[in-house]
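This is what each chain is made of:
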There are 2 protein chains.
Amino acid sequence: MTIEIPGWVKDAVFYQIFPDRFARSEQLPKPTNLEPWYTPPTRFGFKGGDLLGILEHLDYLEDLGINAIYFNPIFQSAANHRYHTYDYWQVDPILGGNAMFQQFLDGAHKRGIRVILDGVFNHASRGLFQFNHIMENGEQSPYFDWFTVKGFPLYAYDERKKANYECWWGMPALPKLNTDNPLVRDFLFNAVEYWTRMGIDGWRLDVPLEIKTPGFWEEFRHRVRAINPEAYILAEIWNEAKPWLQGEHFDAVMNYPFNRAAYGFFGDEALDRSERPGGFRLKRLNARGFARQVDRMLNIYDWDVVLAQYNLLSSHDEPRFLTMVKGDKQRLRLATLFQMTFPGAPSVYYGDEIGLEGGPDPDCRRAFPWDDRHWDHELLADFKRFIALRKTHSALRNGDFATLYARGRAYAFARTDATETVVVAFNMGARPVNLALSLGEMLPEDAIFDRVWSDEKYTVVDGVLALPLPSLAARILVYECPRENSA
Amino acid sequence: MTIEIPGWVKDAVFYQIFPDRFARSEQLPKPTNLEPWYTPPTRFGFKGGDLLGILEHLDYLEDLGINAIYFNPIFQSAANHRYHTYDYWQVDPILGGNAMFQQFLDGAHKRGIRVILDGVFNHASRGLFQFNHIMENGEQSPYFDWFTVKGFPLYAYDERKKANYECWWGMPALPKLNTDNPLVRDFLFNAVEYWTRMGIDGWRLDVPLEIKTPGFWEEFRHRVRAINPEAYILAEIWNEAKPWLQGEHFDAVMNYPFNRAAYGFFGDEALDRSERPGGFRLKRLNARGFARQVDRMLNIYDWDVVLAQYNLLSSHDEPRFLTMVKGDKQRLRLATLFQMTFPGAPSVYYGDEIGLEGGPDPDCRRAFPWDDRHWDHELLADFKRFIALRKTHSALRNGDFATLYARGRAYAFARTDATETVVVAFNMGARPVNLALSLGEMLPEDAIFDRVWSDEKYTVVDGVLALPLPSLAARILVYECPRENSA
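Quantities reported herein were computed from a predicted structural model and do not represent experimental measurements.

### Here's the deal with the relation of the copies chain B and chain A
Then step 1. Superposition record for chain B on chain A: RMSD 0.1 Å, screw rotation 180°, translation along axis 0.0 Å. Classification of the inter-copy transformation places it as that of a two-fold axis. Measuring from the rotation axis to each C-alpha of chain B, the shortest distance belongs to G127 of chain B, at 3.0 Å.
Then step 2. When you check the interface residues of chain B against chain A, 100% turn up at the interface there too, and the contact is symmetric in its surfaces.

Okay, structure coming up:
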């Protein structure tokens with residue numbers, strides 16, 4: 001079976017934006033009752049971020065080096081996270097509406113920045129027209145079969161009663177759409193086609209496995225790809241998802257196994273293990289344990305699929321990485337460097353790059369501080385260097401992967417393509433180590449590596465690269481293959 | 001003060017359509033759970049009428065002779081009458097959505113049929129985004145000040161509690177918009193401008209006097225007329241409304257005083273006085289009582305305003321005329337003839353013309369029976385004749401009005417313009433009468449009248465027109481002024 005995955009994804013560096021919290025333009029009229037930008041986020045409050053604000057900060061994003069944006073939901077919704085869809089056809093008015101989104105999309109594309117949207121199709125909100133219709137008209141509503149209602153009156157806003165209709169995790173605010181009804185499927189797919197036609201570059205799909213209707217995701221893929229053969233289809237699945245990544249459903253998953261492995265190895269002793277992101281108990285990992293997780297990630301899927309995975313350290317659904325490692329910025333740095341050198345598309349959750357902290361939801365969704373006195377400028381410079389590194393070296397994006405070392409708290413690997421070999425080594429231990437990396441037959445005898453961001457050079461001797469590594473540090477070494485004369 | 005009223009209104013014959021009930025196209029996809037077309041209407045059920053269905057029946061309307069349509073609300077709403085607005089920017093999807101409305105509007109305009117929409121701005125629905133937003137987020141919603149909320153949680157769907165926010169007549173389904181908030185006004189006026197720009201010919205305004213915000217209707221008029229100087233602005237006011245018809249607010253009102261006078265005189269002994277349409281107690285009227293009401297209607301407003309009034313016999317808000325007169329079709333016929341010969345724009349409520357009956361809401365909103373075995377074809381032919389009469393005779397639309405006779409159950413008047421004098425006479429009594437209509441100086445001696453729909457001629461003798469009138473009958477006589485040579 002051929003797995004058709006858009007070629008651009010393996011070269012992508014994503015930036016995840018939570019739209020209410022990234023930037024608020026002064027140009028856009030707003031309702032009055034917004035929270036102050038800098039106060040801690042609340043469960044129900046709105047900061048009033050908008051798309052024009054983001055457009056006005058594309059210089060910042062371009063400078064950071066990212067070339068793709070994943071937006072948390074932007075469709076009209078009465079929730080600050082907008083996962084409770086009110087209207088699948090409208091961009092939220094607080095964000096600026098449909099015309100502003102088109103303007104944003106054009107502005108991003110002009111800079112070579114791709115845009116994927118969050119598609120939330122399993123459940124909607126109590127405000128969705130068809131649900132509201134049932135609330136107003138009961139079983140006489142023509143939309144009665146758009147949801148699965150078990151009795152009347154509906155207990156939708158009555159906190160003393162259990163919701164008597166199917167909803168996500170029993171939450172009355174999230175009535176589950178009856179996707180077994182072909183009218184519902186068409187309604188959703190028509191909206192999907194509308195936005196795909198507008199020119200977006202793909203979809204991140206919220207809890208897709210909650211939709212049990214046979215053929216739903218096959219049809220989704222077919223209809224999206226018929227409009228844009230280069231659309232990326234990314235599923236929110238927190239576990240391994242081999243059956244779903246065979247070319248018929250999704251291109252990739254939100255790579256939470258990557259996230260948990262990174263927590264284990266780079267977080268290690270600093271890790272706050274009282275948190276269970278996504279319900280998972282996090283484990284500290286030594287280099288061998290980490291290597292096992294890494295190997296599994298790399299081997300479970302087809303290589304093309306591996307290159308398309310969405311590798312994340314933080315997201316809107318868990319405490320920020322920096323907060324999970326108790327503010328240890330060196331660990332965030334090293335994990336980010338790993339992310340930027342690993343197969344699959346890395347994603348920076350807005351604000352991680354300037355050292356923004358944040359505990360569990362809603363705290364992990366703080367407003368981005370545009371007053372740069374709040375920024376860690378050194379951290380930001382490192383994020384830029386790491387992203388630039390990935391973009392400079394094709395082997396980091398497309399190259400083969402080989403583990404070179406995994407012992408104690410030290411871990412090293414090589415990425416190799418036709419033009420270069422890049423060696424990446426980490427020492428998460430408390431003491432310096434001297435690695436002897438056996439490169440075997442990979443390289444010519446006496447090959448010389450350049451250490452990036454430095455003048456140092458390392459020569460391979462008898463197939464072995466000797467590499468001293470301080471505690472909590474990394475080294476990136478590059479060997480460029482001699483170019484053959486094309487004549 | 002100049003009162004600028006669109007010139008087309010005095011030549012208009014309206015047809016009022018309740019969109020869920022007039023016609024349902026087979027071409028338009030529909031949700032499944034619709035009521036059968038022919039079953040009695042229910043409070044919450046939908047029949048699934050749509051705009052394409054109406055478009056497909058424009059031949060019928062053109063043949064009937066009408067040249068303007070007043071639509072009950074068409075914007076997205078979870079109520080079958082659509083007075084509970086869910087989205088001011090969307091035509092309801094069951095009706096066919098915005099694109100279908102544009103198609104309808106173009107089709108109607110091509111046939112010279114104008115279209116006015118129902119504007120419901122005092123209250124919205126529990127499903128309106130900004131109200132739903134408050135339900136979801138409480139006082140943290142940025143739209144908190146779009147309604148007048150008196151406490152949390154909102155008792156919006158709790159039948160045991162009184163609604164704790166301002167709503168129309170205390171009905172929780174109809175939260176009242178806070179038009180004192182300039183953002184709310186702008187939101188509404190932007191939608192008004194959007195539809196006006198799309199090309200509609202005016203607005204019928206629902207309960208406009210419930211909006212107490214100073215300047216609201218002045219601004220409405222200003223913004224509408226800036227886009228379409230020919231837009232008709234018609235207010236639902238059930239009483240005399242002199243202060244509102246001075247050129248600053250509305251052009252006309254739904255003329256319920258006309259309706260009540262017609263009930264009194266043409267309904268008379270057949271009138272079902274147990275009903276109180278709009279809360280008014282109906283009275284039987286003899287010719288003198290009727291003439292008093294008529295004179296009051298004609299004198300209270302400027303003449304231009306009189307010519308623009310919306311004269312109706314039935315509407316969606318009360319039992320149908322035919323039902324109110326206990327099925328006596330002759331009374332409906334005569335009242336309709338009066339309506340078609342009276343100053344002001346007559347309105348036919350869909351179905352009255354084929355003898356559709358209907359008691360109080362929801363029964364007065366039955367589906368139109370397209371199987372013409374259910375039609376009274378003679379009645380329909382008369383409606384066509386009466387409408388054609390109005391269109392043929394300019395004096396009936398624009399001419400001066402003079403009462404000629406009002407005694408017992410007989411009533412006669414003349415309409416006169418530069419080209420003709422039309423005499424209209426009714427005998428609602430149980431016996432024939434011989435009227436002696438004193439035309440005084442209005443006409444030349446020996447003027448000869450033609451009786452319409454007949455070969456009879458009547459000559460004025462000594463300034464008096466002798467006119468025998470059977471019981472429950474009417475006569476229309478036309479005297480054409482001799483044309484002067486223009487040479």
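Text resumes after the structure shown.
### Overview of the pattern of salt bridges
Then step 1. In this structure the tally under the stated criterion is 72 salt bridges over all chains.
Then step 2. In the salt-bridge network here, residues are joined through shared partners; they are D186, E193, R197, E219 and R223 of chain A.

### Comments concerning unusual backbone geometry
Residues and elements named next belong to chain A.
Then step 1. The peptide bond linking F152 to P153 adopts the cis configuration, its omega dihedral lying at -5°.
Then step 2. Structurally, P153 is set in the loop between α4 (129-137) and α5 (182-198).
Then step 3. For W169, which is not a glycine, the phi torsion comes out positive at approximately 50°.
Then step 4. Here W169 lies in the loop between α4 and α5.
Then step 5. Notably, D268 is not glycine yet its phi reads approximately 50°, a positive angle.
Then step 6. With respect to the helices, strands and loops of the structure, D268 is situated in the loop between α7 (256-267) and α8 (287-300).
Then step 7. Overall, D268 belongs to the buried group, its relative accessible area being 2%.

### A word on the domain arrangement of chain A
Residues and elements named next belong to chain A.
Then step 1. When the domains of chain A are assigned, the result is domain 1 (9-122 + 179-392) and domain 2 (398-480).
Then step 2. Distance between the C-alpha centres of domain 1 and domain 2: 31 Å.
Then step 3. Taken together, the contacts link 28 residues of domain 1 with 22 residues of domain 2.
Then step 4. For the domain 1 face of the interface with domain 2, the top three residues by lost area are F265, L334 and T341, together amounting to 21%.
Then step 5. Our count for the domain 1 to domain 2 interface comes out at 1 salt bridge.
Then step 6. The shortest N-O distance in the salt bridge between D268 and R409 comes to 2.8 Å.
Then step 7. Linking domain 1 with domain 2 are 5 residue pairs in polar contact (both at pLDDT 80 or more), by the criterion used here.
Then step 8. Elements that contribute at least two residues to the side of domain 1 that touches domain 2 include exactly α7, α8, α11 (329-341) and α12 (377-392).
Then step 9. Looking at the side of domain 1 that touches domain 2, its residues break down into 17 nonpolar, 3 polar and 8 charged.

### A look at the sheet that holds strand β15 (residues 448-451) of chain A
Residues and elements named next belong to chain A.
Then step 1. With antiparallel pairing, 6 strands are arranged side by side in an open sheet as β11-β12-β13-β18-β15-β16. Edge strands, defined here as strands with exactly one partner in the open sheet, are β11 (400-407) and β16 (457-459). Within this sheet the neighbouring strands show an average axis-to-axis angle of 20°, counted without direction.
Then step 2. The sheet contact formed by strand β13 (residues 420-427) and strand β18 (residues 473-480) spans 8 bridges and is antiparallel.

### A word on the packing of aromatic side chains
Residues and elements named next belong to chain A.
Then step 1. Here the structure, examined in full by the defined rule, presents 124 aromatic pairs over all chains.
Then step 2. Ring geometry for W8 and F14: centres 6.1 Å apart, planes at 50°, overall tilted.
Then step 3. Residue classification places W8 among the buried residues on the basis of a relative accessible area of 9%.
Then step 4. Ring geometry for Y70 versus Y310: centroids 5.9 Å apart, planes at 85°, classification edge-to-face. Of this pair, Y70 sits in strand β2 (residues 68-71) while Y310 sits in strand β9 (residues 310-312), placing them 240 residues apart in sequence.
Then step 5. Classification of Y70 as buried rests on a relative accessible area of 0%.

Calculation notes
- Residue positions are given per chain, counted from 1 along the sequence in the order it is written.
- Chain letters and ligand numbers both follow the written order, the letters beginning at A and the numbers at 1.
- Where local features are concerned, this predicted model is filtered to residues with pLDDT of at least 70; where side-chain atom pairs are given and counted, the filter is 80 or more; whole-chain, interface and lining totals use all residues.
- Side-chain figures throughout are based on the complete set of non-hydrogen atoms in the structure, without hydrogens or water.
- In this comparison the copies share one frame, found by least squares on the C-alpha atoms of residues holding pLDDT of at least 70 in both.
- Contact definition: two residues touch when any of their heavy atoms are within 4.5 Å.
- The term salt bridge refers to a pairing of a side-chain nitrogen on Lys or Arg with a carboxyl oxygen on Asp or Glu at a separation within 4 Å.
- Per the convention used, a helix needs a DSSP run of H or I reaching at least four residues, while a strand needs a run of E reaching at least two, with both numbered from the N terminus.
- Burial here depends on accessible area, computed with a 1.4 Å probe over protein chains only, as a share of the maximum for the residue type. Under 20% is buried, over 50% is exposed, and the range in between is partly exposed.
- Each domain's limits were defined by an automated method or a database of domain assignments.
- In this description, buried area is defined as the sum, over both parts, of the accessible area (probe of 1.4 Å) that is lost when the two are combined.
- Here a polar contact is taken to be a pair of N or O atoms separated by no more than 3.5 Å, where protein atoms must pair a possible hydrogen donor with a possible acceptor and residues adjacent in sequence count only if both atoms sit in side chains.
- Throughout this entry, Asp, Glu, Lys and Arg are counted as charged residues, while Ala, Val, Leu, Ile, Met, Phe, Trp, Tyr, Cys and Pro are counted as nonpolar. The remaining residues, Gly among them, count as polar.
- Strands were regarded as paired on the criterion that DSSP finds at least two bridges between them.
- For helices, the fitted line uses only the C-alpha atoms of the stretch in contact; every axis is such a line through C-alpha atoms, and the angle between N-to-C directions lies from 0 to 180 degrees.
- The criterion for an aromatic pair is that two Phe, Tyr or Trp rings (for Trp, the six-membered ring) have centres within 6.5 Å, with stacked assigned to planes under 30 degrees apart, edge-to-face to planes over 60 apart and tilted to the rest.

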